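Fold and geometry: a report
Residues per chain are reported as follows:
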Amino acid sequence: MTGAAGSGMPGPAAGNPVMNLFAEIRTLVLDAIATLTEAGRLPPGLDLAAVAVEPPRDPAHGDMATNAAMVLARPAGMNPRTIAEALAERLAADPRVAEADVAGPGFLNLRLQPAAWARVLRAALQQGAGFGRSSLGAGQRVNVEFVSANPTGPMHVGHTRGAVFGDALARLLAFAGWEVTREYYINDGGAQVDVLARSAYERYREAHGLEPAIREGLYPGDYLIPVGEALKDTYGAAFLDKPESEWLTTIRDFAIRRMMAMIREDLALLGVTMDVYSSERALYGTGRIEAALQTLRDLDLIYEGVLEPPKGKMPEDWEPRQQTLFRSSAFGDDVDRPVQKSDGSWTYFAPDIAYHYDKVSRGYDQLIDIFGADHSGYVKRMKAAVAALSQGRVALDIKLIQLVKLFKNGEPFKMSKRAGTFVTLRDVVEQAGADVTRFVMLTRKNDAALDFDFDKVLEQSKDNPVWYVQYASARVHSVLRRAADAGLATDGASLAAADLAQLAHPAELDLARKIAEWPRLVEIAARGNEPHRVAFYLYDLASEFHALWNRGNDDPALRFIQDDPAVMAAKIALVRATGVVISAGLAILGVTPVEEMR
RNA sequence: GCCCCCGUAGCUCAGGGGAUAGAGCGGCCGCCUCCUAAGCGGCAGGUCACAGGUUCGAAUCCUGUCGGGGGCACCA
């Protein structure tokens with residue numbers, strides 16, 4: 001469903017204007033340029049794409065800055081300051097603009113009327129959790145494929161980060177207007193699910209009181225013991241002492257179902273739910289792999305050939321082999337890639353092509369795959385396949401998730417897969433909690449390694465960003481409770497009616513400015529598929545709020561609880577607007593805001 | 001040998017064409033008779049790995065070098 005319309009939350013589609021002050025002012029700048037062009041003061045046909053309106057790095061430069069004059073100077077054949085001065089004259093005439101100054105090499109710095117910030121606060125109060133929703137992705141469908149762990153065991157820490165990232169990205173894109181599908185590709189077609197079946201078979205024998213033979217190469221984990229029990233309950237002794245050929249298929253399918261049920265539970269612990277589960281195995285024998293490859297063949301992108309050995313590192317058993325190859329090098333890949341082995345069976349790449357062909361066929365405008373960083377070698381071929389299959393219509397973005405390094409008390413936390421003592425998603429969530437886990441996993445860019453310290457993530461201090469943001473949330477709610485006790489109506493509608501001109505102190509306007517950046521931040525984060533930006537923004541917002549809070553220690557006029565009801569209403573409006581944005585941001589991260597600290 | 005990611009303050013990391021490059025931690029100095037000090041303010045700390053190039057402007061884009069990580073024909 002499309003975010004705004006389907007969620008019951010107010011938003012652009014529900015008739016409320018998108019309150020993005022930066023976008024508004026950019027429009028104002030473009031209008032000013034158009035006016036100058038009509039008056040013959042600028043040449044026609046200028047490319048305005050690079051014109052940006054941004055918060056300046058230095059607050060002393062004003063509330064917003066535009067590079068318009070510098071960007072247009074060369075194509076217009078004019079001095080940037082001349083353009084800037086002409087623009088400043090027009091912009092200063094707008095009621096939202098208090099000052100427009102030309103600075104530096106041709107920056108145009110704008111200072112806005114306080115009423116402009118008041119409008120933003122009012123929008124936040126009226127729109128509540130929907131404040132910041134964007135129509136950026138309106139009318140577009142995106143498929144986010146993530147986790148896609150092999151159904152051979154519980155999810156571990158690495159999967160956890162991918163799950164959190166994918167889910168937060170899906171929430172972000174929905175908030176920015178896209179229609180989003182969350183999808184899990186079950187890798188149940190390869191040899192590893194046969195290993196799963198054999199491992200489960202040994203646990204099945206164990207359930208019958210026999211000694212399990214967990215040979216090298218089988219999955220040793222305890223999690224298969226209940227699967228063995230369940231097999232016994234379902235099939236009794238039917239498969240005991242029978243050759244593999246008699247039980248492999250049945251037990252494999254049984255075990256896969258159990259593993260997927262377990263994975264769904266693990267994901268649910270994190271608050272992640274998928275819209276679609278697609279099975280690799282289900283592609284076999286349906287002709288869909290053949291159909292996808294035929295599509296490529298029709299484009300002359302499939303051929304029989306022999307690959308060169310990889311340069312520099314010659315595999316010992318390398319020998320020239322005739323294979324069916326996909327001409328991925330025509331789409332930027334380094335070499336062509338085999339889709340069929342020399343014995344005629346498919347490589348793993350073939351069903352991947354069919355699966356992506358299926359996604360393309362379902363009409364998505366954009367595909368996003370989330371892979372572990374150890375799969376970086378597949379990025380080019382997958383992009384090549386999608387480009388070929390969709391004739392360039394569908395963009396595939398692949399986000400690589402770097403590994404998570406676990407720590408405990410600052411010491412590396414070693415895990416051994418051999419001994420079966422790897423740290424599972426469940427371990428992490430049980431120790432840290434879903435909210436903390438999710439937030440922490442988003443405090444790094446996806447392509448940077450992340451340290452996760454079991455002790456530090458639970459620490460209650462400002463060097464723990466989760467706690468710091470939650471503390472701000474708790475303070476917001478604490479003040480709202482006190483204001484209500486003092487007789488003030490603290491709902492959004494009432495506060496939106498407050499006289500916000502009472503908010504004139506620079507420290508208060510700093511916070512309002514930060515709130516006004518939220519809709520812009522949402523669009524930047526969504527454009528780049530970068531949910532971590534939301535986490536960093538929330539930290540900054542919390543910081544502004546804590547700063548203002550402490551100003552009240554020294555200056556009673558800046559305290560939120562006031563004797564004069566009109567003054568208090570304005571201040572509480574600012575507090576509530578802060579809370580609205582914290583909640584909206586945390587909702588994108590999938591984290592529940594706290595209302596009090598314990 | 002080739003491909004991908006990374007290199008920013010002592011440490012952990014944001015920023016990815018724009019002005020004097022930021023935050024947290026660590027160090028130093030301040031702020032509670034006052035809405036939660038679990039907090040806030042200030043000071044010190046930088047050749048944005050290096051060298052070229054593009055640009056009015058480069059930490060950001062391009063090329064190369066060095067360093068770290070990952071991946072490199074029928075395994076998924």
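Residues numbered from 1 in each chain as written. Chains lettered and ligands numbered in written order. Predicted model: local features only at pLDDT ≥ 70, side-chain atom pairs only at ≥ 80, totals over all residues.

Some remarks on the confidence of the model for chain A
Quick note on the threshold: Per-residue confidence from the prediction method is given by pLDDT, with values spanning 0 to 100. Only DSSP runs of H or I with at least four residues qualify as helices, and only runs of E with at least two residues qualify as strands; both kinds are numbered from the N terminus onward. By the criterion used throughout, residues are in contact when their C-beta atoms, derived from the backbone, lie within 7 Å.
With 96% of its residues at a pLDDT of 70 or more, chain A has an overall mean of 91. Confidence, read as mean pLDDT per element, is least for helix α1 (residues 3-7) in chain A (36) and greatest for strand β6 (residues 179-186) (98). Low confidence marks residues 1-15, where pLDDT is under 50. Its contacts with residues over four positions away, or in another chain, come to 31 contacts.

What to know about the environment of Ala237
Rules: Using C-beta atoms placed from the backbone, we call a residue buried if 20 or more other C-beta atoms fall within 10 Å of its own, exposed if 12 or fewer do, and partly exposed for counts in between.
Position of Ala237 among the secondary structure elements: in the loop between α8 (225-235) and α9 (244-269). By the C-beta count within 10 Å, which is 10 here, Ala237 ends up exposed. Put simply, Ala237 and Ala501 are 264 residues apart on the chain and 80 Å apart in space, counted from C-alpha to C-alpha.

Things to note about the sheet that holds strand β7 (residues 276-279)
Short version of the rule: Any two strands with at least two DSSP-identified bridges between them are counted as paired. In this analysis an axis means a line fitted to C-alpha atoms, helices contributing only their contacting stretch, and an angle means the value between N-to-C directions, from 0 to 180 degrees.
Across the sheet, five strands lie side by side as β7-β6-β5-β11-β12; this open sheet has parallel pairing. If you trace the sheet from one side to the other, it starts and ends with β7 and β12 (395-401), each paired once. Here the average twist between neighbouring strands, direction ignored, is 25°. Where β6 and β7 come together, four bridges link them in parallel fashion. Its bridge partner being in β7, Tyr184 is matched across the sheet by Tyr277.

Section: the nonpolar core
In globular proteins that are soluble, nonpolar side chains generally tend to be buried together. For clarity, the cut-off: Any set of buried Ala, Val, Leu, Ile, Met, Phe, Trp, Tyr and Cys residues joined through C-beta atoms within 7 Å is what this text calls a nonpolar core.
Counting residues in hydrophobic clusters, the biggest one holds 166 residues, and the most contacted among them are Leu87, Leu121, Ile572 and Ala573. Looking at this core element by element, the count peaks at 15 residues for helix α20 (residues 565-589). Excluding residues within four positions of it along the chain, Ala573 makes contact with Leu121, Leu125, Leu495, Ala498 and Leu500.

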